[in-house]
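Tertiary structure, described
One-letter residues, chain by chain:
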Amino acid sequence: MPQHFALQNIYSENRLFLSRIVVIFSLILLLLTALIVRLVYLQISGHEYYSTQANNNRIKVSTLPPTRGIIYDRYGKILAENIPAYSLELTPELTPDIDETLTRLKRLLNLTEERVNQFKQQLPRHRSFDSIPLLMKMDDATVARFAVMQHEYPGVDIHARLIRHYPYGKIGAHLVGYVGRINEKELKALSETDYKGTHTLGKTGIEKTYESELHGSPGHAEIETNAQLRPIKTLKSEPPTAGKDLQLSVDIELQRIASHAFKNHSGAVVAIEIATGDILTMLSYPGFDPNPFSSGISTTAYNALQHSDQKPLFDRALRGQYPPGSTLKPFIGLAGLQFGLTQINTTLFCPGYYQLPNVSHRYRDWKTWGHGLVTLNDAIVQSCDVYFYDLARTLGIDRIHQFLGQFGFGQKTGIDLIGEKSGTLPSRAWKRQHKKLPWYPGETLITGIGQGFMQTTPLQLAVATATLANQGILVKPHLLKQDTPFNNNSTNPKTDLNPTYIRDIINSMINVVHTPKGTAYKLSKNIAFKIAGKTGTAQVFTVKQKEKYDAKKLTSKLLDHALFIAFAPAKSPKIAVAVIVENGGHGGTTAAPIAKKIITAYLNKNAAL
Amino acid sequence: MINETRPEQFENHSPATRFLSRIHLDSLLLAGLLLLSLLSLLILYSTSGQHIDTLLRQATRIAIAFSAMLLIAQIHPNHIKRYAINLYLIGIALLLAVLFFGEIGKGAQRWLDLGFFRFQPSEMIKITTPIAIAWYFSEHSIPPRWKEFFIASLLVAIPTILIAKQPDLGTAILIASSGAAVFFFAGISWRIILSSCSVLIALLPVLWHFMHDYQRARVLTFLNPESDPLGKGYHIIQSKIAIGSGGLYGKGWLASTQAKLDFLPERSTDFIFAVFAEEFGLWGCLCLLFLYLLITLRALYIAVEAQDTFSRLLAGSLSFTFFVYVFVNIGMVIGLLPVVGVPLPLISYGGTSMVTLLIGFGILMSIHTHKSLLPH
């Protein structure tokens, strides 16, 4: 490139650049003028108007938080309500020195270090004129102690606020759940406008699941104040919309009966109204008192609950996963009938153990000396393991998996409660995926008696029981009482289960309770109706096959879980129940009486209605 | 030796100026920036409720930012040019990292946690994007034609879209405008400018479609502040009251009532201008605007004086972007523009954006003080 051309280029480039600088400079002047014009408009022409607003009157927008919806049980008993409580609140802009004030308050009212720190963390997310609670619930003594000294604490006031109260305390704790202070993580996910002025939200149970319905939406008031921020009058206000009241399908009285029926053991009870899918009782025992949570539970109290051996915070009914044990036998029996592999009267000799062809390993029956010659009916009534080992082997795991699936095993029931577990319904594919191993024939046998990989939640077991009682049509459980009655026949597909086979199995389950050889015969005393039931015993630990002989020893140490499923009245079933008593030993002894109490109470109440 | 500074260039200047040029600082820019920082401390003392702690923290940030400027000013523009594309690519990589591993703060994903400190890649992008565009144009014939225009547009669009996705509309606007400024200074033809503007206007409805709900809400609130009396609309109403009540002379330092008693949660950061206007009035505002104008003019002068295409384009873009910062922030506080979350340069409380701005000024100073002997 000739040099003069390059210079020419540089020259024209410089000129172009200069012209662009001039344009940009003009643009900057133009934009600057726009800013200045606007400033003149605000500060000169608008000065008087804005000064009036600024100096004489200030308009303060305050949020009117909504009242949280009330939760009722099926008969209108209050499970969660809002009660007024005195709270100690601090308004940052009216407090000269927040740190110093907090230090003095801490000494005066014996506040914990933790409470003060929690409060400090909350400060930044509030506007300076917000009144922020320091103590959610003050007892009378604290109110009095503060009231006397109040003049020394500018910016700190006692307010009456509504706090959540659970009249039934621990009886409904897992089910109803509780509200607690909004934490940092939750705050990010929440709508800022909807939760302005609200300090708590549903943390578990119904309170969490139906948070958006229960919460409502806040209103606001524009309040004119003088220069000292004293309110003069309300200019405009939009009232808050209260949260929706919810009516649950649960009968809290049944829940109470269930709770009192547990003594030293932990466990869970679920009762379902078969025709509607209404959950009547859903109890995890032991419970905990949800009330401290709504007024701000201390870390010490929370840790005590969290680390207690009995795990009171754990919702066993919804999230506990247990082997169903022998309570699975009616379902396996029905599968055998349905696939034409056995009849209700087909016999098998039970020597007390079962062997797979060409394998020396003996699968033991709980009755070491054997049940002798048994029919399928006998096998259910006496809970003979050998009969079901054989039946499971002829069924094979694929058919077992497919058949049990239609009773809801291995899948979430879809109940309207957050956190449900799905249990495990094993299959070849499941084992390959989770254990990276092929399926072994022996595992089919122990699946047939509800052991091994099989796991169910108490809720699932209750649903499966209700489904059996409902002629095999899957029952959908729910906690919210629905206005339109739920119709099993129209909303759910029919099953191709043979009604005769279902009747056979139900008869055997009646025999479990009402014939002397039945494992729950003790239950038949003093009842006016028939109960169909099945006991179960579930091993807590996966005992290695060779150690199977120790099963008895483990039972005597009370390490097995006791289970019982039942429905009644047997001929036209209304209620289905599943009970699990952890380390309760034999199902007929500890679990069955609890089920009986609930069934009796329910049937008595509904006969009277 | 074209990399050597020419000492005789400063012969007729004062000893202080000469010393400053030797450490590659520009005395006029430095004076303006220091004055702004001083003002910042002054107003923060008022907005923080006379907290010395806040002042100390801000002073530390100012010191860090000025050190960064001093450091950057030592780097010869040719070095910056050599690593332009690498810097750009690193910036994009970090942005992608934020997208996948970033921390979410206030509902937006902007931060990258490096363990020892948290880092906002979008800040780095504010500098590396104009550097990359300036480098690209300086490597091709000027003025750019359609082909160069498209490639450079892509270089701007990638970081802009990534940042708008975070979502951080304010920063995205600043980056797009810093890129656009390079285009403009590179002498892109008016025909291209007009046609791309019309395409952009046609794309607005599409953009609306892809906006986050809260971004739409901000735009709607801007159009009708009364619609959200509890939220952003309230900021605008309140900031107007504060500014308007300041009047011609203001209420005096520390005497703002509105700003202190009221409802501007961001009165130390994005809305600090409202406090300034209330306390110092229209005269104060005019002085502040004049100061900003002087700094911008000095920066533009450096661009005019720059010796090669790269430096010139980069300096032009940095100067203009600085002004855009000022305009967007003040425009937002006085209700001319939507609330997009851009701090007032060097005045607002906070460190990240100040460091970025002063790095930009460091580059400007480097361009001005690393002059080479050229045949005239």
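Digging into the overall build of chain B
Along the backbone of chain B there are 15 helices and three strands. Per-residue burial for chain B yields a buried fraction of 49% across its 376 residues.

Let's talk about the overall build of chain A
Secondary structure assignment for chain A yields 23 helices and 19 strands. The 609 residues of chain A split such that 42% are buried. When contacts within chain A are restricted to residue pairs at least 6 apart in sequence, long-range pairs at least 24 apart make up 74% of them.

Considering the sheet that holds strand E18 (residues 561-568) of chain A
All names here are of chain A. Sheet architecture is open: five strands sit in the order E12-E11-E19-E18-E17, paired in antiparallel fashion. Taken across any chain shown, the strands that pair with only one partner, and hence form the sheet edges, are strand E12 (279-285) and strand E17 (532-538). Adjacent strand axes in the sheet meet at a mean angle of 5° when their direction is disregarded. Here seven bridges tie E17 to E18, and the two strands are oriented antiparallel to one another. Directly across from Ala538, in E18, lies its bridge partner His561. The sheet strands contacting helix H10 (residues 252-261) are strand E11 (267-273) and E12, and the helix crosses E12 at an angle near 30°. Sitting on the sheet, helix H19 (residues 458-469) touches E11, E12, E18 and strand E19 (575-581), and the angle it makes with E19 is about 150°.

Here we look at helix H8 (residues 169-185) of chain B
Residue and element names in this part refer to chain B. Over its 17 residues, H8 runs 24 Å from end to end, which matches the ideal 24 Å to within 8%, given 1.5 Å per residue. Across the 17 residues that make up H8, a large majority, 16, are buried. One or two steps after H8, the chain reaches Gly187, where phi turns positive at roughly 85°.

Here's the deal with the confidence of the model for chain A
Residue and element names in this part refer to chain A. Summary statistics for chain A give a mean pLDDT of 85 and a share of 90% for residues scoring 70 or more. Counting contacts from residues 486-490, a segment whose pLDDT is below 50, to residues more than four positions away or on other chains yields six contacts. Within the model, pLDDT remains below 50 along residues 542-549, and this stretch shows six contacts once partners closer than five positions in the same chain are excluded.

Regarding the interface of chain B and chain A
Listed by partner, the interface residues are 45 residues for chain B and 37 residues for chain A. Among the secondary structure elements, those contributing two or more residues to the side of chain B that touches chain A are H8, helix H11 (232-246), helix H12 (258-261), helix H13 (272-305) and helix H14 (309-333) of chain B. Residue classes in the side of chain B that touches chain A are distributed as 29 nonpolar, 14 polar and two charged.

Details of the environment of Thr193 of chain A
Residue and element names in this part refer to chain A. Mapped onto the elements, Thr193 comes out in the loop between helix H7 (184-189) and strand E7 (200-202). What makes Thr193 partly exposed here is the crowd of 14 C-beta atoms within 10 Å. Residues Thr193 and Ser217, spaced 24 residues apart in sequence, show a C-alpha to C-alpha distance of 8.7 Å.

Here we look at unusual backbone geometry
Residue and element names in this part refer to chain A. With an omega dihedral of 0°, the bond running from Tyr285 to Pro286 counts as a cis peptide bond. Relative to the helices and strands, Pro286 is located in the loop between E12 and helix H11 (291-294). The residue after Ala568, namely Pro569, is reached through a cis peptide bond having omega -15°. One non-glycine residue with positive phi stands out, namely Asn358, at about 65°. Of note, Asn358 is situated in the loop between strand E14 (353-355) and strand E15 (362-364).

Quick look at the nonpolar core
Grouped burial of nonpolar side chains is what soluble globular proteins tend to show. If you look at the biggest cluster of nonpolar residues, it comprises 118 residues, and the most contacted ones within it are Val270, Ile272, Ala462, Val577, Val579 and Ile598 of chain A. At 10 residues, the largest contribution of residues to this core is made by helix H16 (residues 385-405) of chain A. Counting 113 residues, the second largest nonpolar core, distinct from the first, contains Ile28 of chain A together with Ala176, Phe323 and Met332 of chain B.

A short note on the confidence of the model for chain B
Residues and elements named next belong to chain B. Of the residues in chain B, 85% reach a pLDDT of 70 or more, and the chain-wide mean stands at 84. Note that residues 1-5 has pLDDT below 50 and, in this model, eight contacts with residues that lie over four places away or in other chains. Model confidence for the complex is summarised by a pTM of 0.60, with the ipTM given as 0.91.

Details of the packing of helix H14 (residues 329-338) of chain A against helix H21 (residues 499-514) of chain A
Residue and element names in this part refer to chain A. With their axes 9 Å apart at the nearest point, H14 and H21 run at an angle of 150° to one another. Like other packed secondary-structure pairs, H14 and H21 cross with a definite hand, here right-handed. Seen from H14, the contacting residues are Pro330, Gly333, Leu334, Leu337 and Gln338; seen from H21, they are Tyr501, Ile502, Asp504, Ile505 and Met509.

Some details on the environment of Gly316 of chain B
In this structure, Gly316 of chain B sits in helix H14. Discounting residues that sit within four places of it in the chain, Gly316 of chain B has contacts with Ile21 of chain A together with Ala181, Phe185, Leu300 and Ala303 of chain B.

Some details on the pairing of E12 of chain A
Residues and elements named next belong to chain A. Among the seven residues that make up E12, seven are buried, leaving the element largely enclosed by the rest of the structure. Two elements, E11 and E12, share six bridges in a ladder whose sense is antiparallel. Its bridge partner being in E12, Ala268 is matched across the sheet by Ser284. Linking E11 back to E12 in an antiparallel pair, the connection comprises five residues, with Gly277 at a positive phi of about 80°.

Points about the packing of H14 of chain A against H16 of chain A
Residue and element names in this part refer to chain A. For the pair H14 and H16, the least separation of the axes is 9 Å and the interaxial angle reads 90°. Between H14 and H16, the interaxial angle falls into the category roughly perpendicular. Every residue of H16 that contacts H14 at Lys329, Phe331, Ile332, Ala335 and Gly336 is listed here: Phe388, Leu391, Ala392, Leu395, Arg399, Ile400, Phe403 and Leu404. Tallied by class, the residues present in the contact of H14 with H16 amount to 10 nonpolar, one polar and two charged.

Re the environment of Leu235 of chain A
By secondary structure assignment, the location of Leu235 of chain A is in strand E9 (residues 231-238). The sequence separation of Leu235 of chain A and Ile223 of chain A amounts to 12 residues, and the corresponding C-alpha distance is 5.7 Å.

Quick word on H16 of chain A
In this model, H16 of chain A (21 residues) spans only 22 Å end to end at C-alpha, well below the 30 Å of a helix rising 1.5 Å per residue. Largest kink in H16 of chain A: about 95°, centred on Gly396 of chain A.

Remarks on the pairing of strand E13 (residues 347-350) of chain A
Residue and element names in this part refer to chain A. Going residue by residue along E13, you find Leu348 and Cys350 tucked away on one face and Thr347 and Phe349 left uncovered on the opposite face. Bridge analysis of E13 against strand E16 (residues 372-375) gives four bridges, and the strand direction is antiparallel. Across the sheet, residue Thr347 finds its bridge partner in E16, namely Thr375.

Reading the values: rules and limits
- Residues numbered from 1 in each chain as written.
- Chains lettered and ligands numbered in written order.
- Predicted model: local features only at pLDDT ≥ 70, side-chain atom pairs only at ≥ 80, totals over all residues.
- Helix = DSSP H or I, 4+ residues; strand = E, 2+ residues; numbered from the N terminus.
- Buried ≥ 20, exposed ≤ 12 C-beta atoms within 10 Å, placed from the backbone.
- Contact = placed C-beta atoms within 7 Å.
- Pairing = 2+ DSSP bridges.
- Axes fitted to C-alpha atoms, helices over the stretch in contact; angles between N-to-C directions.
- Expected span 1.5 Å × (residues − 1).
- pLDDT = per-residue confidence, 0-100.
- Nonpolar A, V, L, I, M, F, W, Y, C, P; charged D, E, K, R; others polar.
- Core = buried A, V, L, I, M, F, W, Y, C linked by C-beta atoms within 7 Å.
- Left-handed = near helix turned anticlockwise from the far one by under 90°.
- Parallel < 35°, antiparallel > 145°, perpendicular 65-115°, else oblique.
- Bend = angle between axes of the 7 residues up to and from the residue.

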